[in-house]
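Per-entry structural report
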Amino acid sequence: MKISRRKFIQTTSVISTGILTSNVFPEKLTNKIKYTANKEKPLVIATWYHGLPASEKAFEILSSGGTVLDAVEKGINVVENNPNVHSVGLGGYPDAEGNVTLDSCIMDSNGNSGAVAYLNDIKNPISVARLVKEKTPHVLLVGKGAQEFALKNGFKKENLLTPEVKRIWEKWKSTNKKMHDPVKNNHDTIGLLALDKNGNISGGVSTSGWAYKIPGRVGDSAIIGASLFVDNNVGAACSTGLGERAIETVGSFLIVEKMREGYSPLEACKFAIDRLKKYDDFNSFQVSYLALNKNGEYAAFSNKKNFKYAVVTTTFNKVLESDYLLKP
Ligand code: GLY
């Protein structure tokens, strides 16, 4: 990395990289549970509070005989369509110039994947990513090309900068370019992993990325291996948090490979978080991972406090608090 990320963060007065808790669905939080092993199938897990309605939708699809890939896509669509989630799809925070640009990827049980990056004016990037997987020989489409591909395939152009977020962005522009108050606003990815009753796994990730980012910035959510990896013989993992660090450590791939070696999902997530310790700003950024294995065991782990994740099974439907490394 050339300019240090810390320097960029200081320059733009970002107090934290803003990987923060959504307060969209706080009533469902269960504070006491740190980690739960589970062997039920189907199983859906997803990042943050907004992961709960996404997981519920995905679970409903799995329960009614839908495919695991449909479950992932349609579950994530719920969050992309919600203008109150400011880190994903419609209503997402824009880049420094006021453009909402979206990154997303999806991976199926056969190891096939699709992704889009820097996608403008299309609110469901996960669905476009799925079509990249299904209708092209490519994995990743970017920017204008991704948008043209979406339009050709029936997606509609839509202004994703809602009046509320436009006002917030304008204020940011006019007040010394300071980052929004990280306590009141969330800034993170929906990552969702699903396991059907036959043990087939798929996953997806979708985000508007780092609020007020440099135009052109692409985060981990478009990068297979960084934000998401699925191996149907082993398990799956996804990330949330500072995408640059998940890319640099290829975190999700690393977790799945550790599970292949026999690590539990929790041990594998801890291993990937441990890798981040080499960065001198380890205490200031946040990266969190979710993982599940083929048996239906799952875990979350974060370098920092406050990472929440949703779990939905036939007997369980909750947002849990992840365990984390940096204890006071
Ligand atoms: N993890 C989302 C991003 O950094 O864009």
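Described in the following lines is the structure provided in the data block. Here the structure is a predicted model, which means the values were calculated and not measured. (Residues numbered from 1 in each chain as written. Predicted model: local features only at pLDDT ≥ 70, side-chain atom pairs only at ≥ 80, totals over all residues. Heavy atoms only, no water.)

1. Brief notes about the pairing of strand β10 (residues 287–293)
The buried fraction of β10 is high, at seven of seven residues. Burial of the side chains of β10 extends over both faces: Val 287, Tyr 289, Ala 291 and Asn 293 are buried on one face and Ser 288, Leu 290 and Leu 292 on the other. Note that strand β9 (residues 235–241) and β10 share seven bridges and pair antiparallel. Along β10, the bridge assignment pairs Gly 241 with Val 287. What sits between the antiparallel neighbours β10 and strand β11 (residues 298–302) is a turn of four residues, in which Gly 296 has the positive phi angle 90 degrees. (Buried < 20%, exposed > 50% of the residue type's maximum accessible area, 1.4 Å probe, protein only. Helix = DSSP H or I, 4+ residues; strand = E, 2+ residues; numbered from the N terminus. Pairing = 2+ DSSP bridges.)

2. Digging into helix α3 (residues 68–80)
Between its first and last C-alpha, α3 extends 19 Å over 13 residues, near the 18 Å set by a 1.5 Å rise per residue. All buried positions along α3 are accounted for by Val 68, Leu 69, Ala 71, Val 72, Glu 73, Gly 75, Ile 76, Asn 77, Val 79 and Glu 80. In this structure, the buried residues of α3 make contact with α2 (51–63), β3 (101–107), α4 (125–135), β6 (190–195) and β7 (201–207). (Expected span 1.5 Å × (residues − 1). Contact = heavy atoms within 4.5 Å.)

3. Describing the sheet that holds strand β14 (residues 323–324)
Overall, mixed pairing links the five strands, which are arranged β8-β9-β10-β11-β14 in an open sheet. Bordering the open sheet on either side are β8 (228–231) and β14, each of which pairs with just one other strand. In this sheet, β14 lies alongside β11 in parallel orientation, the contact comprising two bridges. Paired with Ser 302 across the strands is Tyr 324, a residue of β14. Running over the sheet, helix α8 (residues 251–260) touches β8, β9 and β10 and is turned about 150 degrees from β9. (Axes fitted to C-alpha atoms, helices over the stretch in contact; angles between N-to-C directions.)

4. A closer look at a nonpolar patch on the surface
Judged by side-chain polarity, Val 139, Leu 140 and Val 142 come together as a nonpolar surface patch covering roughly 220 Å² of accessible area. Here Leu 140 is to be found in strand β5 (residues 140–142). (Patch = residues over 30% accessible without salt bridge, like charges linked within 9 Å, V, L, I, M, F, W, Y side chains within 5 Å. Areas by Shrake-Rupley, 256 points an atom, 1.4 Å probe, with all protein chains shown as cover. Salt bridge = Lys/Arg side-chain N within 4 Å of Asp/Glu carboxyl O.)

5. Brief notes about the nonpolar core
Most often, soluble globular proteins keep nonpolar side chains buried together rather than apart. Counting residues in hydrophobic clusters, the biggest one holds 47 residues, and the most contacted among them are Ile 255 and Tyr 298. Counting residues in each nonpolar core, the second largest holds 26 residues, with Phe 59, Ile 61, Val 85 and Ile 106 among its members. (Core = buried A, V, L, I, M, F, W, Y, C linked by side-chain atoms within 4.5 Å.)

6. Notes on the packing of α2 against α3
Where α2 meets α3, the axes come as close as 7 Å, and the angle between the chain directions of the two elements is 150 degrees. Taken together, α2 and α3 sit at an angle that is classed as roughly antiparallel. Here α2 runs over α3; the crossing is right-handed. Facing α2, whose interface residues are Pro 53, Ala 54, Lys 57, Ala 58, Ile 61 and Leu 62, α3 presents Val 68, Asp 70, Ala 71, Lys 74, Gly 75, Ile 76, Val 78 and Val 79. Looking at the contact of α2 with α3 residue by residue, the class counts come to ten nonpolar, one polar and three charged. (Parallel < 35°, antiparallel > 145°, perpendicular 65-115°, else oblique. Left-handed = near helix turned anticlockwise from the far one by under 90°. Nonpolar A, V, L, I, M, F, W, Y, C, P; charged D, E, K, R; others polar.)

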